[in-house]
Structures are given as C-alpha cells and as structure tokens.
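Close look at the chain arrangement
Read off the chains here:
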Amino acid sequence: MAGMTEYQTITGNETVLRDGTIKLHGPEGFEGMRKAGRLAAEILDAMVDLVKPGVTTGELDDVVRQMTLDAGAVPATMGYRGYAHSCCISLNNVICHGIPGDKVIRDGDILNIDVTPLLDGWHGDSSRMYIAGDAPLKARRLIDVTYECLMIGIEKAKPGARLGDIGAAIQVHAEGHRYGVVREFCGHGLGRLFHDAPEVIHAARAGTGPVLKPGMFFTIEPMINLGKPGAKMLSDGWTAVTRDRSLSAQFEHSIGITETGCEIFTASPKGLDCPPYA
C-alpha cells in the first residue's frame, strides 16, 4: 500500500508521530523481511492463474485473505485506518488503493494487486500488474515501462547513494516515454511498522535526500500514468484515479540496503515479477 506524501504513521488504531529518523536494521530484520516478503510474492504468484475475465475483485481478495491466514500471517491492510479488505486491487485508470468488491473483471482490463502480509511482526509489501485476457498494445507497453521504472530505481538503491537518485532515475525513464509520474503517493519505509520513514518520492532530483545506508528498509513503487501525472481521490476516501482518465500502472518491491547494494525481499520465487506470465 502506497504512502501519501507528508503523512503520519498509523498502525492499527495507534498513530506514531515520526521524527524523520530512518531506522537501520540488522540480521534479525533482514531475516524477518525475507520471510514476510516471500509470502507476499507467493500470494501474488497465485494470482496469475486467477486473474481472468468474469472474476470479481472481491473473489481475488478472498483468496489473498485465506492464503495470508493459512501462512500464519494477517493482512496488514485489514483495519488500517478503517480499511476492511485484505489487499488493494486497482483497475485501469485507478492509480492505487482500489477497493475489492463486486466489480467484474473484463477482457482487456489491466489491474494492480497490492498485498502486505504481516508475518511474525514484519511487513512484506508488494504489488504487481496483471492483464485479463488480451489488453491493447498501449496498455501492455505502459506495464512494461512501469516495471522498467521499478527496476531502474532499484538499481540506484545502494549505500552512499541519495534517496533522490531513485526518483530521478524513475522520472527520466517514464517521461522519456511521455508518461506521467504520480506525485501524490510515494514509497515508504517499513519493517515492524507498515509505514515509516523515509518517504520514497518517484519524481525527484538526483543528489538530494538522505544518504542510503546498510540496514535501511523501504518500498519503491512507482505509479505511472499513460497520460498526465495528475491524480484525484474518489469520495470513498481511498481510491485514487487519474485526472484525465488515462490508464495507470504500478509495481512495488520491498528492499533492504546491504553493504554492496540492495536485497529485494519480495522477488517472485517463480520469476513471475512482470507479465506476460508464461
């Protein structure tokens, strides 16, 4: 689940006032995040065979919830600021935080599924894009470029780099394809807290922001629009859509900065990180 810029951290019913300090985690944290991240990836892997025309987003949410509980975890989104579902499912022009329900997936739809299992006190936060049936070329190209943005950002995540280097690389790649980079939502620190410092902006200036250090955990989750970058919130208080009604895509990984680079906690065990999923 994406963070909103300049927010407070809320866990369950408790609001944690952040002082901007970025936590540094040791071996225990890395091990905890590996387990939580792998579960998130396994849940998203299972969605590959389930996303198809005729299925409702609520049915997918039911599977996410059951898989999470069966693994001894709980969906971190349930009860978060009153949210009542196990994941977010965002179709077509929905940027993020789409609410699962009776919506029937149609042929040609593209959708993002965002899961965050809380396992043994650690949050594994990840999302991927899926294609129902046969999507138009422009939709598939948007998905490809958005995934490239994620991986280009991850390449910049290494000790000694600046946090702004990640957003700058993402912005250059997306805008090079004439796509819009959403500004209203960002990646975020995580670990034992669902949302923590730092805020990871996906359109930034290189050489700015905190210096990355081993032990930092955060998500990178660029939201890229086929049209202009503008977003607006629907009346439900959760669903964010493109202002110009253009398609939007997003991918998300949770990572940890290591001594030599970074570790992706939420990589797919089956190599199913980006469609087409063969």
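Quick look at the structure, then. Per-chain numbering applies: the sequence of each chain, read as written, is numbered from 1 onward. At least 70 in pLDDT is required for a residue's local features to be given in this predicted model, at least 80 for side-chain atom pairs to be given and counted, and no such filter applies to totals for whole chains, interfaces and linings, which use all residues. Hydrogens and waters are ignored; side-chain quantities use all the structure's heavy atoms.

1. Some words on the sheet that holds strand β18 (residues 248-250)
By definition, two strands form a pair when at least two bridges between them are found by DSSP. Labels follow the DSSP assignment, with helices taken as runs of H or I lasting at least four residues and strands as runs of E lasting at least two, numbered in each case from the N terminus. If you trace the three strands from one edge of the open sheet to the other, you get β11-β15-β18, paired in antiparallel fashion. With partners counted over all chains shown, the strands left at the sheet margins are β11 (180-181) and β18, one partner each. Most of the contacts of helix α3 (residues 137-155) go to β18, to which it runs at about 35°, and overall it touches β15 (223-225) and β18. When checking whether two residues touch, look at their non-hydrogen atoms; a contact exists if any pair is within 4.5 Å. As a rule, the C-alpha atoms of each element are fitted with a line to give its axis, helices using only the stretch in contact, and angles between N-to-C directions run from 0 to 180 degrees.

2. What to know about the sheet that holds strand β5 (residues 87-91)
Across the sheet, three strands lie side by side as β5-β7-β10; this open sheet has antiparallel pairing. A strand with exactly one partner marks an edge of an open sheet, and here the two such strands are β5 and β10 (126-131). Across the sheet, the mean angle separating the axes of adjacent strands is 20° when strand polarity is ignored. Pairing of β5 with strand β7 (residues 110-115) involves five bridges; the strand directions are antiparallel. If you follow cysteine 88 over to β7, its bridge partner there is aspartate 114. The strands touched by helix α1 (residues 27-47) within the sheet are β7 and β10, with β10 carrying the most contacts at an inclination of about 10°.

3. Remarks on the environment of alanine 197
Along the chain, alanine 197 turns up in strand β13 (residues 196-200). For the pair alanine 197 and aspartate 236, spaced 39 residues apart in the sequence, the C-alpha separation amounts to 26 Å.

4. Notes on the pattern of salt bridges
Each reported salt bridge corresponds to a side-chain nitrogen of Lys or Arg within 4 Å of a carboxyl oxygen of Asp or Glu. For the structure on display, the rule yields 11 salt bridges. A salt bridge links glutamate 42 to arginine 38, with the nearest nitrogen and oxygen atoms 3.0 Å apart. With glutamate 42 and arginine 38 both in helix α1, this residue pair falls four residues apart, about one helical turn. With a relative accessible area of 45%, arginine 38 lands in the partly exposed category. Linking aspartate 61 and arginine 65 is a salt bridge whose minimum nitrogen-to-oxygen distance equals 3.5 Å. Of the two residues, aspartate 61 and arginine 65 are both situated in helix α2 (residues 57-70); the distance of four residues between them amounts to about one turn of the helix. You can call aspartate 61 buried: its relative accessible area is 3%. Among the charged side chains, a network of salt bridges with common partners joins Glu31, Arg34 and Glu263. Residue burial is assigned from relative accessible area. The probe radius is 1.4 Å, only protein chains are included, and a residue is buried under 20% of its type maximum, exposed over 50%, and partly exposed in between.

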